[in-house]
Amino acid sequence: MASMAATLFTQTPNPASLSLSKSPFNQFMSTSKFTVSLQNPKTRLRRFQISCGLIDPDGGKLVELLVKDESERRKKKREALSLPRIKLSRIDLQWVHVLSEGWASPLRGFMRENEFLQTLHFNCLRLGDGSVVNMSVPIVLAIDDMLKSRIGESKRVALFDSEGDNPIAILSDIEIYKHNKEERIARTWGTTAPGLPYAEETIKKAGNWLIGGDLEVIQPIKYHDGLDRFRLSPAELRNEFIRRNADAVFAFQLRNPVHNGHALLMTDTRRRLLEMGYENPILLLHPLGGYTKADDVPLSWRMKQHEKVLEDGVLDPETTVVSIFPSPMHYAGPTEVQWHAKARINAGANFYIVGRDPAGMGHPTEKRDLYDPDHGKKVLSMAPGLERLNILPFKVAAYDKTQHKMAFFDPSRPEDFLFISGTKMRTLAKNGDNPPDGFMCPGGWNVLVEYYDSLASSESGKVPEAVAV
């Protein structure tokens, strides 16, 4: 993959030489495209597609499921009070958020059985016109036997918040089918070992049935945590990219604090895109904002740290859009990273940066990684339905002791480089120690130290339980 990426960035024709209308409407709705074919002897032929402007959403248009007319909202609220009720967990609500804004386009609601089976077995959905879009993680809603009996023959149900007081959405033309939990876990994670965070939190305790149908979301999902201003929908992101006259968007997902190695990768990616002929590539810095496991740094602290990275000039605010991706985290490695990439297509990104062991985690019962660290980027390069997205594998960055800064690793002088793992970084922050100068901007590091200080000063001293954010 490294050689393929190098070829992509040196042999691609100059997009500025193409004839392309610069109107915002054309940038949003359609793009002019060309392809370059590369051959890796260990893989099948791969056709990279480079786009000027914003990539079209999966299925051709964003599927937004929010009821926008105020009088229609009042009508739907009244109707919801008369329907069988399903109380949503905090993770269910995050999936309603994802669906309502079109991140999972062209899905129109929680999956019915045919969509669920295609996702589990093929990691994609076949549309009515025969085309294929990627869909690698099930977006489903579980119910128990009692609720199934209460729904009976009804074709519409109301989705309420966890307290059961506030109607969130209506699910129509419903289908109820068996929830085979073991198969779902095995096919999503490649193991049924105990201790998979999302499976333990959401699947094993869930009901024995899944309910799918068309979703009408009555009002926008808000969290009132001071971060809603960062939760831009795909449509809002597309409008922002157009406002900034972006002719390419490259997305970087993370669930950890940004260090200078990340920043080096992102700024170097923009440099290479400029060398290709793009005039204004924009970075989408897109931290995951849904459910995360308990020992991850909480979203509120990560966002504070990201803001300091911009304030300290490590990343350029003029060419960076920081937004929160509302999806829950599965930690399902190569399966889940396809979902992360696919959702960014719907937000307008035509380049996706992927690193070592994306969406991975340690094996829950053995002392090893759950997934091969290189499989995520390899799977993305071959995944059905992602052919329009350009995958950019990480270059390896480490701390260069001779330059006192993060730099791309030079294998000719390995003794000059220091690899600071996430575990090492957390240990330094917990102990109040400083990393080497140039590893992370001082403002960003201070936020991380402050977070771990807050844990130490709490009554239990334990990492807080994961919550919806």
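Per chain, the residues get numbers from 1 upward, laid out in the order the sequence is written. In view of the model being predicted, local features appear only for residues whose pLDDT reaches at least 70, and side-chain atom pairs are presented and counted only at 80 or more, with totals across whole chains, interfaces and linings using the full set of residues. Side-chain descriptors were evaluated using all non-hydrogen atoms of the structure, hydrogens and water having been removed beforehand.

Novice: Could you give an account of the overall build of the protein chain, with specific residues and numbers?
Specialist: Going along the chain from the N terminus, every DSSP run of H or I of four or more residues is numbered as a helix, and every run of E of two or more is numbered as a strand. Assigned secondary structure in the protein chain consists of 15 helices and 17 strands. Each residue is placed in one exposure class: buried if its accessible area under a 1.4 Å probe, protein chains only, is under 20% of its type's maximum, exposed if it is over 50%, and partly exposed if it falls in between. Taken over 469 residues, the protein chain has a buried fraction of 56%. Whether two residues are in contact is decided by their heavy atoms, any of which lying within 4.5 Å being enough. Across the protein chain, the fraction of contacts at a sequence separation of at least 24, relative to all contacts at a separation of at least 6, is 74%. About 20200 Å² of surface is accessible on the protein chain, with carbon and sulfur atoms providing 49% of the total. Only the protein chains shown count as cover for residues, with accessible areas throughout obtained via the Shrake-Rupley method and a probe of 1.4 Å.

Novice: Go over the layout of surface pockets with me, naming the residues and quoting the values.
Specialist: Its boundaries defined by the atoms lining it, the largest pocket holds a volume of some 1500 Å³. Every definition here rests on a 1 Å grid over the protein atoms only: cavities are sets of points where a 1.4 Å probe fits but cannot get out, pockets are open sets enclosed by protein on both sides within 12 Å along at least five of seven lines, and lining residues have some atom within 4 Å of a point. If you trace the largest pocket, you find 47 residues lining it, with N256, H262, R356, D357 and F394 closest to the centre. Residue assignment for the lining of the largest pocket shows that the elements contributing at least two residues are β10 (248-254), α10 (260-276), α12 (333-346), β13 (351-354), β15 (397-400) and α14 (422-430). With four residues, α14 is the single largest residue contributor to the lining of the largest pocket. Each residue receives one of three labels: charged for Asp, Glu, Lys and Arg, nonpolar for Ala, Val, Leu, Ile, Met, Phe, Trp, Tyr, Cys and Pro, and polar for the others, Gly being one of them. Taken together, the residues that form the lining of the largest pocket break down as 24 nonpolar, 12 polar and 11 charged. Grid points are joined across faces, edges and corners, and a volume is the space filled by probe spheres set on the points. The computed volume of the second largest pocket comes to approximately 470 Å³. Every element with two or more residues in the lining of the second largest pocket is listed here: β3 (85-87), α4 (90-101), β6 (142-143), α6 (145-151) and α8 (197-203). Considering only residue class, the lining of the second largest pocket consists of 14 nonpolar, three polar and nine charged.

Novice: Pulling in residues and values, what's your account of the environment of V321?
Specialist: Positionally, V321 belongs in strand β12 (residues 320-322). Judged by its relative accessible area of 4%, V321 falls in the buried class. In the structure, V321 is positioned 89 residues away from L232 in sequence and 10.0 Å away in space, judged by C-alpha atoms. When near neighbours in sequence (up to four residues on either side) are disregarded, V321 contacts L232, L237, E240, F241, R244, I282, L283, L284 and L285.

Novice: Go over the confidence of the model for the protein chain, please, and point to the residues and values.
Specialist: Per-residue confidence from the predictor is given as pLDDT, running between 0 and 100. Per-residue confidence for the protein chain averages 88 on the pLDDT scale, and 86% of its residues sit at or above 70. Under a pLDDT of 50 for its full length, residues 1-51 has, in the predicted model, 104 contacts with residues more than four places off or in other chains.

Novice: Now, about unusual backbone geometry: what can you tell me, with residues and values included?
Specialist: The general pattern is negative phi for most residues beyond glycine and trans for most peptide bonds. A cis amide bond, omega 10°, links S105 with the succeeding residue P106. Among the structural elements, P106 can be located in the loop between α4 and α5 (113-122). Although it is not a glycine, D173 sits at a positive phi angle of roughly 50°. Mapped onto the elements of the fold, D173 is located in strand β8 (residues 167-178). Taking relative accessible area as the criterion, D173 reaches 48% and is therefore assigned partly exposed. Phi at H404 takes a positive value of approximately 60°, unusual for a residue other than glycine.

Novice: Give me the sheet that holds strand β17 (residues 417-418): which residues, what numbers.
Specialist: Either a parallel or an antiparallel arrangement is found when strands of a sheet pair, and the pairing is made through backbone hydrogen bonds. The pairing criterion is simple: DSSP has to find at least two bridges between the two strands. The three strands lie next to each other as β16-β15-β17, forming an open sheet whose pairing is antiparallel. The open sheet has two edge strands, β16 (405-408) and β17, and neither has a second partner. Looking at chain direction, β15 and β16 are connected through four bridges and run antiparallel. In the strand pairing of β16, A398 is matched with A407. Packed onto the sheet, α10 meets β15 and β16 and runs at close to 45° relative to β16. Every axis corresponds to a line fitted to the C-alpha atoms, with the helix fit spanning only the stretch in contact, and the corresponding angles, defined between N-to-C directions, vary from 0 to 180 degrees.

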